[in-house]
Amino acid sequence: MSVFNPHLILHLLLLTVVTGEILRPRFYSETCPEAESIVRREMKKAMFKEARSVASVMRLQFHDCFVNGCDASVLLDDTPNMLGEKLSLSNINSLRSFEVVDYIKEALEKACPATVSCADIVIMASRDAVALTGGPDWEVKLGRKDSLTASQKDSDDIMPSPRANATFLIDLFKRFDLSVKDMVALSGSHSIGQGRCFSIMFRLYNQSGSGKPDPVLEPVYKKRLNKLCPLGGDENVTGDLDATPHVFDNQYFKDLVSGRGFLNSDQTLYTSRETREYVKRFSEDQGEFFGAFAEGMVKLGDLQSGRPGEIRSNCRVVNRRHNDVLLVS
């Protein structure tokens, strides 16, 4: 097994300047020196309260960064004039643990008012979700601003469905200059957490409109899923995304090799010729997976729209200014 050294592997990536804000490690070293330790402390509290919550927070980075860059737009509540991203097809009844970000923001506002962006909170908290569950730790680049708006349509147009296949995912990630290896490694975020029965009903009972289950499903695993997610049952019931849902490891890839991927978009990574080799490599070498995952998360965190932004005082609403006095809308 290879030795994982995140600081060595990511040295060049951490010097990258991306379009939009200039991101750098230790961005808050002078303005809020305890920012990263505060975020990790609050993430530990959340994990002890509900183990699944940290995986849910990590998912926020993916659903935020792919839609107009990493700008915390996914956190915004709807308003009479704006349909946000929380009710988009890929997020409704799915994204959760927004309150964890609220607790982190509250703690940061007490320590350093109007300093740390919600967008940076998502990036730091996602890293901590991985590190606290046994996965790699890495240095994050910070300095993002928070979006002034959000778009349900943009989220619907971009985010993949659980039915997506490897070819679709490769094309999606390519749009953001993320390689096939990046895509497979980042899919390993499903090493922790759970998914809903809603996302797999077609696999169990009507794969590709055949009226039959996905033939790739390992028989014993399929029976377990049939019991968990029966026809006519509650499709909001959740199942583990891999066999070790509270530990960030390479079990996810071992499960794919064995035909025990929960989501179609996961299992297709092993059945597709373009991605199978990476799945096999990560299943055999956890250190290689950890290195590739950390590298991919840094690249994902680099995505920016270049649009104007602000530092929100409340992650769920944009600030508004009237006569130079900052108010919360």
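Reading the values: rules and limits
Residues numbered from 1 in each chain as written. Predicted model: local features only at pLDDT ≥ 70, side-chain atom pairs only at ≥ 80, totals over all residues. Heavy atoms only, no water. Helix = DSSP H or I, 4+ residues; strand = E, 2+ residues; numbered from the N terminus. Rg over C-alpha atoms; globule rule 2.2 N^0.38 Å. Contact = heavy atoms within 4.5 Å. Areas by Shrake-Rupley, 256 points an atom, 1.4 Å probe, with all protein chains shown as cover. Lys, Arg positive; Asp, Glu negative; His and termini not counted. Charge placed at Lys NZ, Arg CZ, Asp CG, Glu CD. Phe/Tyr/Trp six-rings, centres within 6.5 Å; stacked < 30°, edge-to-face > 60°. Buried < 20%, exposed > 50% of the residue type's maximum accessible area, 1.4 Å probe, protein only. Lys NZ or Arg CZ within 6 Å of the ring centre and 35° of its normal. Domains from an automatic or database assignment. Buried area = accessible area lost by both parts, 1.4 Å probe. Salt bridge = Lys/Arg side-chain N within 4 Å of Asp/Glu carboxyl O. Axes fitted to C-alpha atoms, helices over the stretch in contact; angles between N-to-C directions. Parallel < 35°, antiparallel > 145°, perpendicular 65-115°, else oblique. Left-handed = near helix turned anticlockwise from the far one by under 90°.

S.K.: Any details on the overall build of the protein chain? Residues and values, ideally.
M.R.: Along its length, the protein chain carries 14 helices and eight strands. The globule rule puts the C-alpha radius of gyration for 329 residues at 20 Å, and the 20 Å found for the protein chain is close to it. A separation of at least 24 residues holds for 76% of the contacts in the protein chain among residues at least 6 apart in sequence. Total accessible area on the protein chain stands at roughly 15000 Å², and carbon and sulfur atoms take up 53% of it. Of the charged side chains in the protein chain, 41 are positive and 44 negative; the average position of the first set lies 3 Å away from that of the second.

S.K.: Kindly report on the packing of aromatic side chains, identifying the contributing residues and their values.
M.R.: Two aromatic rings, taken as a pair, are described by how far apart their centres are and by the angle between their planes. Under the criterion given, the structure shown has 14 aromatic pairs. Ring centres of Phe27 and Tyr28 lie 5.0 Å apart, and the angle between their planes is 85°; this geometry places the pair in the edge-to-face category. By relative accessible area, which is 5% here, Tyr28 ends up buried. With a centroid separation of 5.1 Å and 70° between ring planes, the pair formed by Phe66 and Phe173 is classed as edge-to-face. Of the two residues, Phe66 sits in the loop between helix 3 (52-65) and helix 4 (98-111) while Phe173 sits in helix 7 (residues 166-174), which places them 107 residues apart along the sequence. A cation sits over an aromatic face here: Lys86 above Phe98, 4.4 Å from the ring centre. Here the basic side chain of Arg163 rests over the ring of Phe202, its NZ or CZ set 4.2 Å away from the ring centre.

S.K.: How would you sum up unusual backbone geometry? Please name residues and give values.
M.R.: The phi angle at Arg26 is positive, at roughly 55°, despite the residue not being glycine. Its place among the elements puts Arg26 in the loop between strand 1 (24-25) and helix 2 (35-49).

S.K.: Account for the domain arrangement of the protein chain, naming residues and giving values.
M.R.: According to the domain assignment, the protein chain consists of domain 1 (25-158 + 303-310) and domain 2 (166-301). Here domain 1 and domain 2 have C-alpha centroids that lie 23 Å from each other. The interface of domain 1 with domain 2 comprises 26 residues on the first partner and 24 residues on the second. Summing both partners gives a buried area of about 2200 Å² for domain 1 against domain 2, and 69% of it is carried by carbon and sulfur. Linking domain 1 with domain 2 are zero salt bridges, by the criterion used here.

S.K.: Describe the packing of helix 2 against helix 5 (residues 118-132), with residues and values.
M.R.: With their axes 9 Å apart at the nearest point, helix 2 and helix 5 run at an angle of 55° to one another. Comparing the axis directions of helix 2 and helix 5 gives the class oblique. Crossing handedness for the pair helix 2 and helix 5: right-handed. Taking contact as the criterion, the partners of Glu36, Val39, Arg40, Met43, Lys44 and Met47 in helix 2 are, on helix 5, Met124, Ala125, Arg127, Asp128, Ala129, Ala131 and Leu132.

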